[in-house]
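Results of the structural survey
These are the residues of each chain, in order.
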Amino acid sequence: ARWISTSGAGGGDGVHGLKSALAARLPAMQEEVRAVREQYGERKLGECTVAQAYGGMRSVKCMTYETSLLDPEEGIRFRGYSIPECQKLLPSAPGGAEPLPEALFWLLLTGKIPTTEQINALRADLASRSKVPQGAIAAVDALPTSLHPMSQLSIGLLALQQDSVMAREYAAGTVKAKYWEHTLEDALNLIARMPEIAARIYRRTFKGDKLAAPSNMHELDLSANYARMLGFDSPDFDDLMRLYLTIHSDHEGGNVSAHTVRLVGSALSDAYYSVAAGMCGLAGPLHGLANQEVLNWLLDLRAKLGSREMNKANLTELCWETLNSGKVIPGFGHAVLRKTDPRYACQREFALKNLPDDEMFKLVSMLYEVVPAVLNEQGKVKNPWPNVDAHSGVLLQYYGLKEQSYYTVLFGVSRAMGTCASLVLDRALMLPLERPKSVTTGWIKKHFETAK
C-alpha cells in the first residue's frame, strides 16, 4: 500500500490555540518542578517493602504524573477537578449535557478550564488532522476479522506511525527543548485519527462493511463523529460517548496502560509506539477487560434468577453462590479507592436520567445495595463498593452496542487522550528515561541476613 502523509495543518496556534496556551503555561510548570527538585530532591516519598516488591509495586510512591491524581476517598481528580466539577465546568456540545472529551484533553494539558471558543478552535484543528492515511486504512483492512479488536487497534495505531513528527524531527537533529512540540503534533494527529481506525475495526469485524458514515469532524464533535462512524445516530448515545470518553481518559500514572505509555515514551519512542504499547496493556484481563466480565456476570445472574423475583434476598443468595464457587464478584473493589467510584456514580446518574426503567439497570441498582454488605460479611476485601466497570457495559448494551469484545477499544480511544496529554508533559518537563533498579530473591535474602 502507498503511504499518504496527511500531517495536521497545525491550525491550533491562533489566539485560542492549545499549543499557545500550553506554551504560556510551561515556564511556570517547569519552574515548579525545578524548585521542588531543588528543595526536596533528597527527601523520601515513602518506602518499598519486600511484599510490595513482589506485589506489583502496589502503592509505592516512585513516580510523578501531573494530569490526574486518585484519592482513596474522593476518587479521581483531573488537574484538581472532580468528575462532578468537570461535568459542570467543561464546555459541552450544543444540546448536550455531558462534557466534551476535547475539553478534558485541554484541561489535562494546561491545567486550565477552556472556554467554548478555545474548544471550537481545538475541534477545528483536530478536524484538519483527521484524514487517515490510505496506507493505514489498507493495513487495517488487510487484517483478518477473527483477530481481536484490540490487536487490530494496536496494529492500526502503528500503521499511523509513518507520519510521526517526533520521529522525523528527531532523525533530523531537533533539540531537546522542542521534543514536547513534536510530541504534541503526534498526539493531536493520533487523537484526531484514532476514532476512525476504531470505528473501521468495529464495522469490519461485526457488521461486514467499512464505516457506517464517513468521518465528519468538521461538523461534529469527536464523540458524535465516532458514534456516526460506528452506526449510531442518537443524541443520547452521543452524550453517553462524551461521558464515557471523558471519565475513562485518565486515572493517574500507575495503572498498566498509563504506565506503559509513560515507560515506552521515556525511551523517546513517539506517541504512536507508546500508545500502541499502552493498548496492548489495556487489552489484559486484569485491566481493560473488566467491564466485559461484569456484563457477563450480570447476564448470568439474570439467567439464574429465572422466574424468581428480583429482590435483595434472591440476589444475596446468588452473590454468595458466586463467592462460594471460588470466584470474585466483578465490578466491585479497587486497588486504590475505598469509596464508590465517582465514575460509577456519574454513569448511574446518566442511567437514572435516560433509562430508569431498563431491567439491567434495575439489576445493577439493586446490586449496589446488596453486594457491599455481602463483601463486608465475607471480610476479604478492603473496598466493597462498585467501580467504573460495574455500570458501563449495561449502558452500552441498552443503546445497542452489544459486541463485548469491542468495549476495550472504546476504553482505548478514551485512554489515548489522557496518556497523550501526559506524554506531552513528560517531554515538556524533560523527564528522563525510566530505569528502576530490580533485585533477585537471592539478593533480598542476602541483604537481610547480612544485616542481622
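Residues numbered from 1 in each chain as written. Predicted model: local features only at pLDDT ≥ 70, side-chain atom pairs only at ≥ 80, totals over all residues. Heavy atoms only, no water.

**Side note on the layout of surface pockets**
- Quantified by volume, the second largest pocket comes out at close to 280 Å³.
- Lining the second largest pocket are 22 residues; nearest its centre among them are Gly95, Gly96, Pro235, Asp239 and Arg242.
- When residues of the lining of the second largest pocket are assigned to their parent elements, the largest contribution, 5 residues, is made by helix α11 (residues 235-247).
- Grouping the constituent residues of the lining of the second largest pocket by class yields 7 nonpolar, 4 polar and 11 charged. (1 Å grid on protein atoms, 1.4 Å probe; cavity = no way out; pocket = protein on both sides within 12 Å on 5 of 7 lines; lining within 4 Å. Points joined across faces, edges and corners; volume = space filled by probe spheres on them. Helix = DSSP H or I, 4+ residues; strand = E, 2+ residues; numbered from the N terminus. Nonpolar A, V, L, I, M, F, W, Y, C, P; charged D, E, K, R; others polar.)

**Remarks on the environment of alanine 303**
- Within the secondary structure, alanine 303 is located in helix α14 (residues 290-305).
- On the basis of relative accessible area, alanine 303 is assigned to the exposed category, the value being 58%.
- Here the alpha-carbon distance between alanine 303 and leucine 22, two residues 281 residues apart in the chain, equals 52 Å. (Buried < 20%, exposed > 50% of the residue type's maximum accessible area, 1.4 Å probe, protein only.)

**What about the pattern of salt bridges?**
- Counting across every chain of the model gives 27 salt bridges.
- Lysine 210 is paired through a salt bridge with aspartate 141; the nearest N and O atoms lie 3.9 Å apart. In this pair, lysine 210 sits in the loop between α9 (179-207) and α10 (222-230) while aspartate 141 sits in helix α6 (residues 134-141), placing the two residues 69 residues apart along the sequence.
- The exposure class assigned to lysine 210 is partly exposed, which follows from its relative accessible area of 42%.
- The salt bridge partner of aspartate 426 is arginine 262, with a shortest N-O separation of 2.7 Å. Taken as a pair, aspartate 426 in helix α19 (residues 407-428) and arginine 262 in helix α12 (residues 256-265) lie far apart in primary sequence, 164 residues in all.
- Accessibility expressed as a relative area gives 4% for aspartate 426, which makes it buried.
- Here the salt bridges do not stand alone but share partners, grouping Asp141, Arg200, Arg204 and Lys210 into one network. (Salt bridge = Lys/Arg side-chain N within 4 Å of Asp/Glu carboxyl O.)

**Here we look at the nonpolar core**
- By size, the foremost hydrophobic cluster in this structure holds 115 residues, and its most contacted members are Tyr226, Leu367 and Leu401.
- Discounting chain neighbours no more than four positions away, the residues touching leucine 401 are Tyr202, Leu230, Phe232, Phe237, Leu396, Tyr406, Tyr407 and Leu410. (Core = buried A, V, L, I, M, F, W, Y, C linked by side-chain atoms within 4.5 Å. Contact = heavy atoms within 4.5 Å.)

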